[in-house]
Amino acid sequence: MSTANATKVDATKAHPDTTNGDNSSPAVEVTAEEENVDANEAEEVPYKLTIKAPNGTIVPVIASAQETVQDLKQVVGETPGTMEYSCFYLSLNKRRLNDFVELGEIEGLGLDSELELVEDQYTEREARVHVSRLRDLLCGAATANPVVAGLDAGVSVFSTIKQSDSEEHAFKDFELGQSASLEVLSASKAIKQLAQPLCVRLLVLSGWNPVPRYRQLKGDLLYLLVTTLENQSYHITASSSGFYVNASSTTRFNAENYGVAHAGQPGVRDAAFYAAHSLLTLLRRISSKFAKGLGEVQRGLAERDPAETLPFPLAEQAATPWVVRGVENSVPMAYDVGAPQDAYLRQGAQAVDSLRDWNEELQSIREMARETLGDRVLRDRQLHKWHAEFVEAAIPGAMAVVGGELVPLNPTDPVDQHMFLRDNIFYSKGFDGRETFAGLGGDSAAHVATGKDITGVRLLNQLDTQGLHTLGSVVVDYCGVRVVAQSVVPGVFRRQEATPIVYGSVDQGVTVGADPEFHQLLEPVAKALHFAEHQVANDAGDLAKLYTSADVKGLTGTDGRKYVLDLYRMTPVDIEFLESECNDDGRFPVYPHKVVLLRPELVDTFWEQSTRKAVMEHVAERVRQEKSKEGGDAKDEAEIEEEDLLKGFDFSLGFSPDAFTPIQEKSPADESLASAVRGASQFLRDVSVPALARDLAAYVSTPLSGDALTATMHQRGINMRCLGRIAELLPTDVSSVRNIRRRVVVEMVARAVKHVLRRLFRLAPSHLHSEVFALVANCLVGSRYCASPAQHLTPAARAVAELAAMTPQTLAEEVRAQVALRFRFALAEDFVSALAGYETMLLREVCVKIGAQLALRQYHFERPTEASVNAAVMAAMDPAVKMTKPVKRQIKDKVDCVMARPLTVFADDVMNFVALTKVATHKSSFADEAFEAGRLALEKGDRTLGLEMLLESLALHEQTFGFLHSESARCYSVVSLAHYDAGEYALAAEYMTKAVVISERTVGLDDPLTIHNYLNLALYEHARGNSLLALRLMRHAMDLWSLVNSPDHPDLATAYNNIAVMLQSLRLYDDSLRFFRACLDVRVDLLGADHVLVAGAQHSLAKVYAVTGDFKSAVQVERDAHMFFSSKFGDEDPRSKETGEWLAELTFNAVRTAKLSKAAKEKIREVASTASLMQMEQREEPVSKGHLPIDDLIKFITGRPSSSRPKPSGGPRGKGPKGSRR
């Protein structure tokens, strides 16, 4: 909460000009609403408050007027000095403050007021929360909830990279073109660093729970049992006034205060000593070792970056790695009696805290005020919080549905039709159990429709139409089964005589409702989505006018709200694909379903381009009309008023979501609507897909991973079924395109394998899923290691016929069939061998798409030699370890263990399967608008306005989504770039450090966003003079790059150049020369010899050759660069002049060096010969320098040190190139 605002204020202090910029700059378009907001809040000054705690701690907080008292309380709970408080309220002038009131609305609150922290009375829930927080604190800032987020989720390894005792640079042993070890993804060291010292042996609920009724009347809430490190056991009562040690034992109950019950006994203090408001304070008193350990915990938290230690408020926000610690996750870390009690502490004895009316909460939040900026921020925050909590609650329920742990509401129906209810969340499986999609593809169509429904919900949530309500929805994919989780519509389970559906059709068009109220509510939705009103006929021939598809259903709940359901047809049909690929044309099999829809981004793009084209044609016609006027008063286009140009312009383009569907076939056809749908479909096929293929081939867009490729396609409105078309448009015989084409092929193969695994998971029981995944992985990427992986299956797995019969050849055929079926692309028969060397990349993509987590170790895809394994084991050892006999024996055992492995992936290597989700994520529109406005202002050169808007966006994002969110990382990254461009390298590195840590924890250790953040942070640290740290960051980024992609990615040229510049700044010229060469090789390979980037790389390389004294090579390279610049841009171009000057200077030095080298060799031979003769005649009194080493002879002959290398003169040119920014 306060982090963004504190940073914002500091940045403003550092740059006074950010508060005096010209806000009327035309760089950013501002709406009228934003102008009103700016006018009211432009002069807003942040609050600099202090909070005084009873223990004497003063907590300073910088906050905005829109933040609430609850936000301040959260800061107090996260501050090490006040972590003991959880049940308290804040007061101003002895007046209690409402937790949910905004600071700007508090009467009497000044900009520098002091608030007082007042200890409050506990309730049973507050006591449970207090104990649960203490247990979490003592466990340390470990990973997020493994049930929801998976193993080792949400870990950052940044601190382990930043800290290094080595004085060598990070690229000393770097091998170009080689993939890194998976150890680069190891979180073991980072998790160990986050581990807390042991403070208490046992902290659990006592066996005397539940509290007797008569003790409840006395204020008792819970009973605890604590065993300290001194091996003393204490029974503690949690009461409404706090915690105290009672006189109970394991055999006798006595709720009286220990000091009162044992008063007068030796060593017993008074009753006040055994009581405290906070359990943490009480344990400090009764255990000196606890106090010492807690002090270490507090110091550790204060020393570390909050971004690394801050716990996730919701596990759903944490990133899930695809490789995790093996041994540590195989068994529990410690025996903890209290672990099974966590559910009771968090949810209560009756689990009432988990019983929520999800739908009523969601709709109430949507009905909150949204007039002011503060209203919108609060509403957005509550919506985001609700969605995250709903997803976190839905995932365990969906996993229970797949595991068969829930009793269905309709147990007599077929399994695929079963429905479930748990914690007021409604669950159903993504199968066509009721044959709704019988004519569209059955289960395949139902599977796709559930995902499209989430897209429709997201669209309506973004439009945020008042009076129109959607359900909370999430799709969960777990172990091959898709489960849909939704909030419950009020009254849906009541028995009704008539159908509650009043808009749309629930029976495939037999009846169609067209309620006027719904129709009016959907009008703004149709306008935003470019839908036109169209007619739909029912079986009786009656016509109904609809805006949305007839499959979209509208009903009125018993709460009086208007709900829309089944939103999977919120975009038109891709008719060109439907007609060409959903029929048997002989080349490829029939597409598996007919729910082939256009993406909303494509519809928007087509509508905008069509409208722009119509405007241009109309303007051209108006200009022609003006020029044809008689009397000589014709005007140019620039002289004609805009209103006159657009006079008479009448253009409308609308789509029918029911066009080309079965229900439309029996309705009156509207040719204009059908034509628009066909035009959009043709635009996708003929314009969007070829344009993306061209951009990928030209490396205008360079996605690193499968997720990045998916995001790129979706941003352009291209469906993933077009992957095959893109692959066909990418040439196979052009070396510069091979990387991106391989990326596209790997994506198709990984998605095909996902479908294979889904089918096999449904055939095998859940306890065999790890064997299923291991078998598929071995057949896919381990066939060179073991040609017949199925022979190593357990008897239970061999009992499944499909598993026993699987071979690498059969899997390859099934993958080829799936690719042909789903992507309309013919994979080469040897595609597996064509991907040799890229097995790690393919294995990663498969794990990410199916949710598998593998044990972290080095996976061999072909049998290694014993020498290579021995070398790898030796390289992983500490160099300081002496090679004693026991150590040698351990090395031999490790080598033997690796050599004895019969497979690449064992079933035991599969540690977990994570539930994957599709959610209707809520976005903060105002925060996004501020971010885009700031970014646009920076692009136009208005740094003052741009930075101000970006900092405002950062504050809004943190208020809405919290500190640990990928959107916050994105804001930090752009703000850091603005500071870097301004030369403020320290601020840039500070912001980018936060971006790196947050992106590691929220999107993944090896996500492309994280890799790019590491690369940028390395540049910022180098600019600050921390070149060794910059090289460590670059090395980590390059290692991650090699796992995610391949060594021939075009962006590697920039990375190699930056590495070379950093090494050059450390005067490591030989090492830098290697990377300058690599940069040039990549650019020549991808761009050809005649390219400006190649010439620039040649110029940089020539400078390094000159520094190392290799003037001959420098002249050759510089000549090529100069010839290109001269022929391309002319002799007067600054680049031509600079390379010409360098070429002349290098040529002169090359000639001079050759002459000196020749003369030196003759002198050396002469001196060496004379020395030999004199040594034979007079060995004891040498009179020459012939006895010296060759280096000293050269020093003697030339009169200069041999180690001094010639450097190019010419002032600044000799300093070498500066690091280019990504």
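For the structure itself, look to the data block above.
Quick look at the structure, then. (Residues numbered from 1 in each chain as written. Predicted model: local features only at pLDDT ≥ 70, side-chain atom pairs only at ≥ 80, totals over all residues. Heavy atoms only, no water.)

Of the consecutive residues asparagine 209 and proline 210, the connecting peptide bond is found in the cis state with omega at -5°. Mapped onto the secondary structure, proline 210 falls in the loop between β6 (200–205) and α8 (213–216). Positive phi values are uncommon outside glycine, yet aspartate 566 reaches one of about 50°. Within the secondary structure, aspartate 566 sits in the loop between β22 (562–565) and α20 (575–581). For phenylalanine 660, which is not a glycine, the phi torsion comes out positive at approximately 65°. On the secondary structure map, phenylalanine 660 appears in the loop between α22 (642–645) and α23 (662–665). (Helix = DSSP H or I, 4+ residues; strand = E, 2+ residues; numbered from the N terminus.)

The next point concerns the sheet that holds strand β12 (residues 419–422). With antiparallel pairing, five strands are arranged side by side in an open sheet as β12-β13-β16-β15-β25. At either end of the open sheet lies a strand with only one pairing partner, and these are β12 and β25 (916–919). Direction aside, the axes of adjacent strands within the sheet are offset by 25° on average. The sheet contacts of helix α16 (residues 373–402) involve β12, β13 (425–429), β15 (473–478), β16 (481–487) and β25, and relative to β13 the element is tilted by about 45°. (Pairing = 2+ DSSP bridges. Axes fitted to C-alpha atoms, helices over the stretch in contact; angles between N-to-C directions. Contact = heavy atoms within 4.5 Å.)

Okay, helix α40 (residues 1008–1023) next. For α40, which comprises 16 residues, the first-to-last C-alpha distance of 23 Å matches the rise-based estimate of 22 Å (1.5 Å per residue) to within 8%. Counting buried residues in α40 gives 13 out of 16 residues, a clear majority hidden from the surface. Sitting at the amino-terminal end of α40 is aspartate 1007, which places a side-chain oxygen 2.9 Å from the backbone nitrogen of leucine 1009. Residue glycine 1025 follows α40 closely and has a positive phi angle near 100°. (Expected span 1.5 Å × (residues − 1). Buried < 20%, exposed > 50% of the residue type's maximum accessible area, 1.4 Å probe, protein only. Polar contact = N/O pair within 3.5 Å; in protein donor to acceptor, adjacent residues only side chain to side chain.)

Our focus in this paragraph is helix α17 (residues 443–463). The end-to-end C-alpha distance of α17 is 31 Å, a good match for the 30 Å that 21 residues give at a rise of 1.5 Å each. Most of α17 is tucked away, with 15 of its 21 residues classed as buried.

All right, on to the packing of helix α27 (residues 738–763) against helix α33 (residues 839–850) then. Look at α27 against α33: their axes get within 9 Å of each other, and the N-to-C directions meet at 45°. Here α27 is positioned oblique relative to α33, judged by the angle of their axes. In the crossing of α27 with α33, the sense of the turn from one axis to the other is right-handed. Touching Arg742, Arg743, Val746, Glu747, Val749, Ala750, Arg751, Val753, Lys754, Leu757, Arg758 and Phe761 of α27 are Met841, Leu842, Glu845, Val846, Lys849 and Ile850, all from α33. Broken down by class, the residue content of the contact of α27 with α33 amounts to ten nonpolar, no polar and eight charged. (Parallel < 35°, antiparallel > 145°, perpendicular 65-115°, else oblique. Left-handed = near helix turned anticlockwise from the far one by under 90°. Nonpolar A, V, L, I, M, F, W, Y, C, P; charged D, E, K, R; others polar.)

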